[in-house]
Amino acid sequence: ATLHLPSIHIPFPASALIYPGGAIIVDVIYYLVPIPLLSWLVMRALRMRDAVVPARIYWTIGTLAALVEPVTQDLSDRSHPVTMALVFAQDLVLNLLQVRAFRRAGFLAAVLLRVAFYAVWHVLWGLR
């Protein structure tokens, strides 16, 4: 609404190129940089020398990282409160799944999860 666009979806075929690129940028900003950096800083502050980040530290930082997008984007939504809550929950679940994928299978797995979500939500849904 702020940009006076008729839809949040970019028209196809541009959407098939733009959204995967956006997924990579979002994941670098929300996960690839902050989670390892903050994990390293916390472990250094606690004088931990293990190469593996303990689960409690990882999930605390990962949960905070997962909250950034829904808190900064979804809480400012001016739609119905139920809609806002559902979108917030959807984004938080997606982000927590990405944090889990990042821990278990690496950064590429987290990116592919978001790309798959964008392919359905923005590309395919935008075709209708």
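It should be emphasised that the depicted structure is a prediction, and the values quoted were computed from it without experimental measurement.

Description of the overall build of the protein chain
A tally of regular secondary structure across the protein chain gives five helices and zero strands. Mapped from its N terminus to its C terminus, the protein chain presents α and β elements in the order α-α-α-α-α. With the C-alpha coordinates of the protein chain rotated into their principal frame, the extents come out at 55 × 30 × 20 Å. The 128 residues of the protein chain split such that 28% are buried. Of the contacts formed within the protein chain by residues at least 6 apart in sequence, a portion of 61% connects residues at least 24 apart. About 8600 Å² of surface is accessible on the protein chain, with carbon and sulfur atoms providing 71% of the total. On the protein chain, the mean spot of the 10 positive side-chain charges and the mean spot of the 6 negative ones are 11 Å from each other.

Observations regarding the pattern of salt bridges
In this structure the tally under the stated criterion is two salt bridges. The closest approach of N and O atoms between E69 and R114, which form a salt bridge, is 3.0 Å. One end of the pair, E69, is in helix α3 (residues 55-74); the other, R114, is in helix α5 (residues 107-124), with 45 residues separating them in the sequence. Like E69, the residue R114 is buried in the burial classification.

A look at a nonpolar patch on the surface
Together, L32, V33, L37, L38, W40 and L41 give the surface a local cluster of nonpolar side chains, amounting to about 540 Å² of exposed area. A total of four residues in the nonpolar patch trace back to one element, the largest contributor, which is helix α2 (residues 34-45). Tracing the chain through its elements places W40 in helix α2.

Regarding the packing of aromatic side chains
According to the stated counting rule, one finds five aromatic pairs in the structure shown. Considering the side-chain rings of Y30 and Y31, the 6.3 Å spacing of their centres and the 80° angle between planes classify their relative orientation as edge-to-face. Accessibility classification places Y30 together with Y31 in one group, the buried group. Where F117 meets Y118, the ring centres are 6.2 Å apart and the plane angle is 50°; that geometry is what we call tilted. Owing to a relative accessible area of 10%, Y118 belongs among the buried residues under this scheme. Through a chain of ring-to-ring contacts, three or more aromatic side chains come together here, namely Y19, F117 and Y118.

Overview of helix α1 (residues 14-32)
Compared with the 27 Å implied by 1.5 Å per residue over 19 residues, the 26 Å span of α1 between its first and last C-alpha is a close match. Those residues of α1 that sit buried are S15, Y19, A23, V26, D27, Y30 and Y31.

Structural notes on helix α4 (residues 81-105)
In this model α4 runs 35 Å from its N-terminal to its C-terminal C-alpha over 25 residues, within 8% of the 36 Å that 1.5 Å per residue would give. The set of residues buried in α4 consists of F88, D91, L92, L94, N95, Q98, V99, A101 and F102. Buried residues belonging to α4 abut α1, α2, α3 and α5. Following α4 by one or two positions, G106 adopts a phi angle in the positive range, close to 105°.

Things to note about the packing of α3 against α4
Packed helix pairs are characterised by how far apart their axes lie and by the angle those axes make with each other. Two elements in contact, α3 and α4, have axes whose closest approach is 9 Å; the angle formed by their N-to-C orientations is 145°. Relative to α4, the crossing made by α3 is right-handed. Contact residues: α3 offers A55, Y58, W59, G62, T63, A66, L67, E69, P70, V71 and D74, while α4 offers M84, V87, F88, D91, L92, N95, L96, V99, R100, F102 and R103. Among the residues making up the contact of α3 with α4, the classes are represented as 14 nonpolar, three polar and five charged.

Calculation criteria
- Residues numbered from 1 in each chain as written.
- Predicted model: local features only at pLDDT ≥ 70, side-chain atom pairs only at ≥ 80, totals over all residues.
- Heavy atoms only, no water.
- Helix = DSSP H or I, 4+ residues; strand = E, 2+ residues; numbered from the N terminus.
- Buried < 20%, exposed > 50% of the residue type's maximum accessible area, 1.4 Å probe, protein only.
- Contact = heavy atoms within 4.5 Å.
- Areas by Shrake-Rupley, 256 points an atom, 1.4 Å probe, with all protein chains shown as cover.
- Lys, Arg positive; Asp, Glu negative; His and termini not counted.
- Charge placed at Lys NZ, Arg CZ, Asp CG, Glu CD.
- Salt bridge = Lys/Arg side-chain N within 4 Å of Asp/Glu carboxyl O.
- Patch = residues over 30% accessible without salt bridge, like charges linked within 9 Å, V, L, I, M, F, W, Y side chains within 5 Å.
- Phe/Tyr/Trp six-rings, centres within 6.5 Å; stacked < 30°, edge-to-face > 60°.
- Expected span 1.5 Å × (residues − 1).
- Axes fitted to C-alpha atoms, helices over the stretch in contact; angles between N-to-C directions.
- Left-handed = near helix turned anticlockwise from the far one by under 90°.
- Nonpolar A, V, L, I, M, F, W, Y, C, P; charged D, E, K, R; others polar.

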